[in-house]
Amino acid sequence: RENRDTDVTIEILYCGICHTDLHQAKNDWGITTYPIVPGHEITGIITKVGKKVENFKVGEKRYVVHVPESLPMDAAAPLLCAGITVFTPLKDHNLIESPRKKIGVVGLGGLGHVAVKFGKAFGHHVTVISTSPSKEKEARERLGADGFIVSSNPKQMEAGKRTLDFILDTVSADHGLGPILELLKVNGTMVIVGAPGKPLELPAFPLLFGKRTIKGGIIGGMKETQEMMDLCGKYKISCDIEVVKPDNINEAFNRLAKNDVKYRFVIDIAGSSSNL
């Protein structure tokens, strides 16, 4: 339709591929309405604004939030979902500008690697909890994680008991929460932002004995998203991506289903230069 008085029209340049897109395309959650065009992590250039639009001008970069000039448009695109999804729980629990805490991040994928970057930028001690021992070097040397726990290693999980103040669970695959909860201190909190297709296994005793809390998280509103983007510009935080052409979308979806991506696919919609 034509641009209305309060509309902003954007020429999309880049679109990240989120695990939610995969779930929706396959109707894993039973709520998909076909036909569907997956894709919501977009960045582009404003081409038209309605006469009642304020704060946005033709030619500016944004997803109806301003994309800082210090961030590349392709690597900024996944921040509009993966970034804000992990940022909001940190903000909700006063972890943006707070004294140093011990934070755990479950999973080192598209969401998890951004969560590690945020945690380190905000001055916290960050421990990655993963099923893959091979990811430890990457977590420590590339992303700056302070600790690494292999969740399938009983000795490491035992050693990590009651050491963390806060855990962000980013995993979208089926997994049990009991052993991970044991890593929290008394009165610690776990926020789930991943979306497994099956119900999560949750034993009662790790909750009862530790007086622990489990919460859910979702993306924030536009005000929070702009705050996040501004902080990403300040700390030079963007996503680690692999750029693919539109002709290779099906291959990218298949690889995502196999977790064969580091850490986010981004589709180059218009073939534009990544230095925008």
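Data block above holds the structure.
Structure report, in brief. In this text the structure is predicted, and so the values were computed from the model without any measurement. Along each chain, residue indices are assigned from 1 in the same order as the chain's sequence is written. Only residues with pLDDT of at least 70 are given local features in this predicted model, and only at 80 or more are side-chain atom pairs given and counted; all residues enter the totals for whole chains, interfaces and linings. With hydrogens and water excluded, all non-hydrogen atoms of the structure serve as input to the side-chain values.

### Some words on the environment of Phe56
At step 1: For the purposes of this entry, the term helix denotes a DSSP run of H or I that reaches at least four residues, the term strand denotes a run of E that reaches at least two, and both are numbered from the N terminus. Its place among the elements puts Phe56 in the loop between strand E2 (41-49) and helix H2 (73-76).
At step 2: Discounting residues that sit within four places of it in the chain, Phe56 has contacts with Val8, Ile46, Val49, Arg62, Val64, Val65 and His66. The contact rule is simple, with two residues in contact once any of their heavy atoms fall within 4.5 Å.

### Examining the sheet that holds E2
Note: strands within a sheet are paired through backbone hydrogen bonds, in either parallel or antiparallel orientation.
At step 1: The mixed open sheet is built from four strands, whose spatial order is E2-E1-E10-E9. Unpaired on one side and paired on the other, E2 and strand E9 (241-244) mark the two borders of the sheet. Strand after strand, the sheet turns through a mean of 30° between neighbouring axes, direction not considered.
At step 2: Pairing between strands is defined by DSSP: at least two bridges between the two strands are required. With eight bridges joining them, strand E1 (residues 8-17) and E2 adopt antiparallel strand pairing. Bridge pairing links Gly16 to Glu41 in E2.
At step 3: Lines fitted to C-alpha atoms define the axes here, with helix axes fitted over just the stretch in contact, and angles between the N-to-C directions of these axes take values from 0 to 180 degrees. Of the strands in this sheet, E1, E9 and strand E10 (264-268) touch helix H10 (residues 249-257), which is tilted by about 170° from E10.

### Some points on the pairing of E9
Moving residue by residue along a regular strand, the side chains alternate between the two faces of the sheet.
At step 1: With four bridges joining them, E9 and E10 adopt parallel strand pairing. Its bridge partner being in E10, Val243 is matched across the sheet by Val266.
At step 2: We call a crossover right-handed when, viewed with both strands directed away from the observer, the connection leading from the first strand over the helix to the second proceeds clockwise. Handedness of the crossover joining E9 and E10 through H10 is recorded here as right-handed.

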